[in-house]
Amino acid sequence: MRTFAKPAVDMVDTMRQAAAADPQRAVAFGGAPGSNSHQATMQFDPECLPLPYLGFEDALDAVKQGRAGCAMIPIENSQHGRVSDIHFLLPESGLSIVAEHFMRITHTLMATGPGPFEAAYSHPQALGQSREYLQRNGIVALAHADTAGAAAYVAEMQDPRFCALAPPMAAELYGLRIIEDAVEDAADNTTRFVVLAKEPRDPAAIEAQQAMTTFIFEVKNVPAALYKALGCFATNGVNMTKLESYQKGASFAATRFYADIEGAPGDPRVDAALEELEFQTNGVRLLGSYAQARKRG
């Protein structure tokens, strides 16, 4: 049965009871209390009711089912790239991106004792962001569902051979000793989060020079298909800030792309580019327009 480690259960229950009393103020996130997603949620909206779930899909389901007003989901990291499975989860959720949030990420090594340690538990993204540190210290990386959940698990095990990589807040919540701060390999380690809700933001309510739009499209299986698709934005003067490919299904006959552009529907240049893209591809699906949290470029 999927459940949080025992040291986290009481906190999770308390947070869920508070959210149930006022679900529109609740922001769902994947991870245990003290996770990076929890901290991003509180940075984004200090007055919200944080609502923890075991995984991203559970957090998205909470919004769809009315148990939360929105969800905070990490989508990419400056050092470790795309968060696994997120390109499938976002389109399939039926929700819309209404905001973005960037957060500086720091990882702390924590444990029940002073070490030395055989292995460290954490989310695969955190382990990847601290790969050099772990290798240098001979610590084996062991994947866990999330960072703070790993801290709770280490606290539950009470085995001095194991440690966790998690935000400093998790050490305080779960009674662990901080062994070393800032063990991430890059000083500018940053994760981009998106906020998803049932209803999209009205593009007209976002200042044109500050708007971003996220969408997916599937290219046709013909020569120069991607070149023609990207030309829709080049010829209309629309800046594309992100483009990532992924496959859905086993045929490998047509590739899907996840993209961000500056601007939003209602801007004549964006409208023209998206109209041309519809013609050049097998389909386009808008995931949302929202205000930029930081200037691109």
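Residues numbered from 1 in each chain as written. Predicted model: local features only at pLDDT ≥ 70, side-chain atom pairs only at ≥ 80, totals over all residues. Heavy atoms only, no water.

## Observations concerning the sheet that holds strand 8 (residues 140-143)
Working step 1: Judged by pairing direction, the sheet is mixed, and its five strands sit side by side in the order 8-7-9-6-10 without closing on themselves. The open sheet has two edge strands, strand 8 and strand 10 (177-180), and neither has a second partner. Direction aside, the axes of adjacent strands within the sheet are offset by 35 degrees on average.
Working step 2: In the packing of helix 7 (residues 147-157) onto the sheet, contacts are made with strand 6 (108-111), strand 7 (119-122) and strand 9 (162-166), and the angle to strand 9 comes to roughly 155 degrees. (Pairing = 2+ DSSP bridges. Helix = DSSP H or I, 4+ residues; strand = E, 2+ residues; numbered from the N terminus. Axes fitted to C-alpha atoms, helices over the stretch in contact; angles between N-to-C directions. Contact = heavy atoms within 4.5 Å.)

## Topic: the side chain of Asn-77
Working step 1: Tracing the sequence through the fold places Asn-77 in strand 3 (residues 70-77).
Working step 2: Among the polar contacts made by the side chain of Asn-77, one reaches the side chain of Gln-129 at a distance of 3.3 Å.
Working step 3: Polar side-chain contacts of Asn-77 include one of 2.9 Å to the side chain of Asn-189. (Polar contact = N/O pair within 3.5 Å; in protein donor to acceptor, adjacent residues only side chain to side chain.)

## Remarks on unusual backbone geometry
Working step 1: In this model, Gly-115 is joined to Pro-116 through a cis peptide bond whose omega is 5 degrees.
Working step 2: Position of Pro-116 among the secondary structure elements: in the loop between strand 6 and strand 7.
Working step 3: Phi is positive for Gln-158, which is not a glycine, with a value near 55 degrees.
Working step 4: Mapped onto the secondary structure, Gln-158 falls in the loop between helix 7 and strand 9.
Working step 5: Residue classification places Gln-158 among the exposed residues on the basis of a relative accessible area of 53%.
Working step 6: Look at Ala-224: it is not a glycine, yet its phi comes out positive at around 65 degrees.
Working step 7: With respect to the helices, strands and loops of the structure, Ala-224 is situated in the loop between strand 12 (211-219) and helix 9 (225-234). (Buried < 20%, exposed > 50% of the residue type's maximum accessible area, 1.4 Å probe, protein only.)

## Notes on the sheet that holds strand 12
Working step 1: As summarised here, the arrangement of the four strands in space is 13-14-12-15, forming an open sheet in which the pairing is antiparallel. Strands with a single pairing partner mark the edges of an open sheet, and in this sheet they are strand 13 (240-246) and strand 15 (281-291). Taken over all neighbouring pairs, the strand axes of this sheet differ in orientation by 15 degrees on average, direction set aside.
Working step 2: Bridge analysis of strand 12 against strand 14 (residues 256-262) gives seven bridges, and the strand direction is antiparallel. Of the residues in strand 14, the one forming a bridge with Phe-215 is Ala-259.

## Notes on the layout of surface pockets
Working step 1: Approximately 480 Å³ is the volume found for the largest pocket.
Working step 2: Residue lining of the largest pocket: 29 residues in total, with Phe-56, Pro-74, Val-83, His-123 and Ala-145 positioned closest to the centre.
Working step 3: Among the elements of the structure, helix 2 (36-44), helix 3 (56-64), helix 5 (124-129) and strand 11 (190-197) are those that each provide at least two residues to the lining of the largest pocket.
Working step 4: Looking at which element gives the most residues to the lining of the largest pocket, the answer is helix 5, with four residues.
Working step 5: A per-class count over the lining of the largest pocket returns 10 nonpolar, 14 polar and five charged. (1 Å grid on protein atoms, 1.4 Å probe; cavity = no way out; pocket = protein on both sides within 12 Å on 5 of 7 lines; lining within 4 Å. Points joined across faces, edges and corners; volume = space filled by probe spheres on them. Nonpolar A, V, L, I, M, F, W, Y, C, P; charged D, E, K, R; others polar.)

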